[in-house]
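One letter stands for each residue in the lines below.
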Amino acid sequence: MEKLPVEIKEHITSLLGQPQDLTKLALTSSSYLSLAQRSLYRNVSLRSDLPNIRHTFGLLRRSPRLRKVIRVISFKTDEEWGSRPGRIQRWIDMDIFNGMDNIRRVEFRLLPCVPARDFQDMFATIYHCCPRIEEILATDISWPMATPPPGWVLNPQLEVPSTLKRLTFESSFSSEMRKFFLSTFISPFSRIESLSLFVENNTETLEDISSLSFKCLKSLRVVDFSANSSRELVRFLLLNPTIESLSFPRADSINVEGEKVTVLPALRSLSGPPAFITQLVRICDSVKFVNALDLQFAGCYDSAHQASIRLVSSVGSFPSLKHLSVSHTYSFSLVTQLMHLFHDSKELQWWTGGFYCRDAAILKKLIHILSRSLPSLKRVDICEWTSCSILPYEQREALSTMAVKIPSVEKITLFYDHLDSNEIANVYFVPKKKSLAGLGGLIEAYQYYEGGPYLKDRRCVDKHSVDWHDDLLLE
């Protein structure tokens, strides 16, 4: 093994993705130790409650080679960490970032420092040491409610690298931290392409960014939008005409009374409650021509049907629609009504969600409606809720019936809709040649199971995509 060419050793290592497999490989020889470490440390996840976390920090400090291997690093803080007496002010050793000049993504879950003012200092260090940073995720960040100590002042503006393209910031609101977002993540040279915000019904958050214009912004996601922020949102959309993908989970209906503007000329993908989209149509002509539409029914179960009728009535039709998703509802009657409402979308090739694979009886009832209402359908994504290596007979029979009764369908996918990632459980292809078919007329091309497949191969449903052939890799 030691005499093998380096290229072959690298290929052997590339075939392994699970940490336990790479660890075993590292124990075979010193040359494989080096190769395995490169794979193991490309994506590093650190938690404050790990008993050996100080040892890991020490290893990274002593090894410049490992620091240069890292592409993604995530920090997950224990929920009880900040409240424990005698704890240090922050559990992350910032010296590890020295020399991490190949880092592309940094993730924080929960506030990793006490007091909160040190959080901005962490980003200042990251910006200085990681000149190729492309993505930052800061989620579940809850600011302490206590008044900041005397003399506490935020840095008015960090030097944000122009390489930063994707930003996710999910935080509770604190009046003292109101300027944190702008001063920490935004600069006059920002080239943000994707922006995701959790605003927690606070008008101040959107007010602070309403006057910002990003020349490269393609994707905007705002969670828990409040109607009180309607004017600020319209102003922001007007200043950012490059947005192609818009997502508003759990949003109030936007108030556009008195607005005489036209926004989002480049819009291609749209996600949100029907009531929000219905009002958006009044100031956005491009809604009618979106290629991907995700209708989210969280919180509007009683009025879901009427809201959908009003949406389609206000638009007329969606002639360019290729991918329709239905989220947060599993009503048989609503799904069938939606299929009829979108029967004029002649280019619709991809349906996602709305019914469970486990309910085989409902699945069989829907097959006839799918074939009649959506004659060009190529792919169907069906909700799944559990991991099972062998699909029960009733479900396999229902999927086989779908493959036979809907001649246009070429791909059937089961996915975990209760996960934010929409991770895929199974993928089946419908072969054109019967001789190639497996059990039940389907070819199983992919299956998720506990402990596998390898992390680098895991997939998820992209509700903003229009290419039904490909699945998004789960990062």
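Everything numeric here is computed off the predicted structure, so don't read it as measured data. (Residues numbered from 1 in each chain as written. Predicted model: local features only at pLDDT ≥ 70, side-chain atom pairs only at ≥ 80, totals over all residues. Heavy atoms only, no water.)

1. With respect to the pairing of strand β15 (residues 424-429)
- Of all six residues making up β15, five are buried, and the element is well covered by its neighbours.
- The pairing of strand β14 (residues 411-416) with β15 spans five bridges and is antiparallel. Residue pairing in the sheet places Leu414 in a bridge with Asn426 of β15.
- Sheet topology note: the β15/strand β16 (residues 443-447) ladder contains four bridges and is antiparallel. Counted as the bridge partner of Phe429 is Ile443 from β16. (Buried < 20%, exposed > 50% of the residue type's maximum accessible area, 1.4 Å probe, protein only. Helix = DSSP H or I, 4+ residues; strand = E, 2+ residues; numbered from the N terminus. Pairing = 2+ DSSP bridges.)

2. Some words on helix α13 (residues 360-373)
- With 14 residues, α13 should cover 20 Å at 1.5 Å per step; its first-to-last C-alpha distance of 20 Å lies within 8% of that length.
- Where α13 bends most, at Leu366, the angle is about 30 degrees.
- Ala360, Leu363, Leu366, Ile367, Ile369, Leu370 and Ser373 are the residues of α13 that are buried.
- Those residues of α13 hidden inside the fold are in contact with α12 (332-341), β12 (350-356), β13 (379-384) and α14 (393-405). (Expected span 1.5 Å × (residues − 1). Bend = angle between axes of the 7 residues up to and from the residue. Contact = heavy atoms within 4.5 Å.)

3. Let's talk about the state of the cysteines
- All told, the structure shown has zero disulfides when counted by the stated rule.
- Residue Cys129 stays outside any disulfide, its sulfur separated by 5.9 Å from that of Cys130, the closest cysteine.
- Look at Cys129 and you get buried, because its relative accessible area is 11%. (Disulfide = S-S within 2.5 Å.)

4. Some remarks on α14
- With 13 residues, α14 extends 18 Å between its outermost C-alpha atoms, agreeing within 8% with the 18 Å of an ideal straight helix rising 1.5 Å per residue.
- Listed as buried for α14 are Gln395, Ala398, Leu399, Ser400, Met402 and Ala403.
- If you follow the buried residues of α14, they end up packed against α13, β13, β14 and β15.

5. Overview of the packing of aromatic side chains
- On inspection of all chains with the given rule, the structure shows 22 aromatic pairs.
- On the basis of an interplanar angle of 40 degrees and a centroid distance of 6.3 Å, the ring pair of Phe123 and Tyr127 is categorised as tilted. A residue pair is termed a helical-turn pair when its members lie 3 or 4 positions apart in one helix, as Phe123 and Tyr127 do in helix α6 (residues 118-129) at four residues.
- Site record: aromatic cluster; members linked through ring pairs are Phe57, Phe75, Trp91, Phe97, Phe108, Phe119, Phe123, Tyr127, Phe169, Phe180, Phe181 and Phe185. (Phe/Tyr/Trp six-rings, centres within 6.5 Å; stacked < 30°, edge-to-face > 60°.)

6. Concerning the confidence of the model for the protein
- Overall, the predicted model of the protein reaches an average pLDDT of 85, with 87% of residues at or above 70.
- Looking across the protein, the model is least confident in helix α1 (residues 6-14), with a mean pLDDT of 69, and most confident in strand β8 (residues 245-247), with 98. (pLDDT = per-residue confidence, 0-100.)

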